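Analysis of the macromolecular model
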Amino acid sequence: MADPLFVSSPMRPSWKQLLLASLLLSATQEASAQSANPRFGRWLLKSDAPAPASNIMTYEALGAGGMRVTIQAVNARGDTTRWSYATEFDGRDMPVTGNASQTHAAVRPISSLVNEIVNKNNGRVTQRLTNVLSPDFQTIAVIYMREDADGKTTGVTFATYTRMPL
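First, a word on what this report is: a plain description of the structure on this page. Throughout, a residue's number is its position along its own chain's written sequence, starting from 1. With pLDDT at 70 or above as the cut-off, local features in this predicted model cover only qualifying residues; side-chain atom pairs require 80 or more to be listed or tallied, and sums for whole chains, interfaces and linings still use all residues. Note: side-chain values were computed over all heavy atoms of the structure, leaving out hydrogens and water.

**Comments concerning the overall build of the chain**
This is how the line gets drawn: To qualify as a helix, a DSSP run of H or I must reach at least 4 residues; to qualify as a strand, a run of E must reach at least 2; elements of each kind are numbered from the N terminus. Under the scheme applied here, a residue whose accessible area is under 20% of the maximum for its type counts as buried, over 50% as exposed, and between as partly exposed, the area being computed with a 1.4 Å probe on protein chains only. Contact criterion: two residues are considered in contact whenever any of their non-hydrogen atoms come within 4.5 Å of each other.
Within the chain, the regular secondary structure consists of one helix and 10 strands. Counting from the amino terminus, helix and strand elements in the chain follow one another as α-β-β-β-β-β-β-β-β-β-β. Counting every position in the chain, which comprises 166 residues, the buried fraction comes to 31%. Looking at the chain alone, contacts between residues at least 24 apart form 21% of all its contacts between residues at least 6 apart.

**Overview of the pattern of salt bridges**
Put simply, the rule reads: For this document, the term salt bridge refers to a Lys or Arg side-chain nitrogen within 4 Å of an Asp or Glu carboxyl oxygen.
Considering all chains together, one arrives at five salt bridges under this definition. For Arg 92, the salt bridge goes to Asp 90, with nearest N and O atoms at 2.7 Å. Since its relative accessible area comes to 45%, Arg 92 is described here as partly exposed. A salt bridge links Lys 120 to Asp 93; its shortest N-O distance comes to 3.0 Å. Of this pair, Lys 120 sits in strand E7 (residues 114–121) while Asp 93 is found in the loop between strand E4 (80–87) and strand E5 (94–97), placing the two residues 27 residues apart along the sequence. Note on Asp 93: relative accessible area 34%, which makes it partly exposed.

Next comes the structure, spelled out in structure tokens:
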């Protein structure tokens with residue numbers, strides 16, 4: 001006699017149908033986990049600087065819950081710089097590639113819309129950033145606080161980035 005669990009009927013799906021449904025659900029959950037972070041995407045710095053000057057931050061999903069951050073800047077002469085780092089949002093120092101003045105970055109969430117980023121050069125904190133995502137997920141405001149070797153704030157600047165279309 002056939003095992004009733006492996007017999008297909010109009011009311012009971014076959015094991016192949018269950019396997020296919022399971023695979024589709026798994027892929028859907030993975031895709032939604034990847035897109036769950038509203039920061040993912042490309043962000044353009046609002047600036048009065050004439051073209052070709054620009055600054056674009058790109059946030060991409062990395063692993064189960066991390067993110068790769070890439071910054072590409074073009075100065076007024078047209079010279080391009082590109083640097084990046086990865087984060088798991090755990091406050092650990094992660095290596096930065098492509099930026100001579102920064103060797104590590106550490107990111108930790110303060111709230112669902114606010115991250116603190118600490119930039120270091122060879123172990124010394126050089127800058128603290130407060131990165132704030134707007135509630136409509138279309139703008140990122142950043143407060144940059146530069147520090148000297150004694151840990152004193154030497155300058156504060158503000159920047160606004162707007163989401164770029166896909």
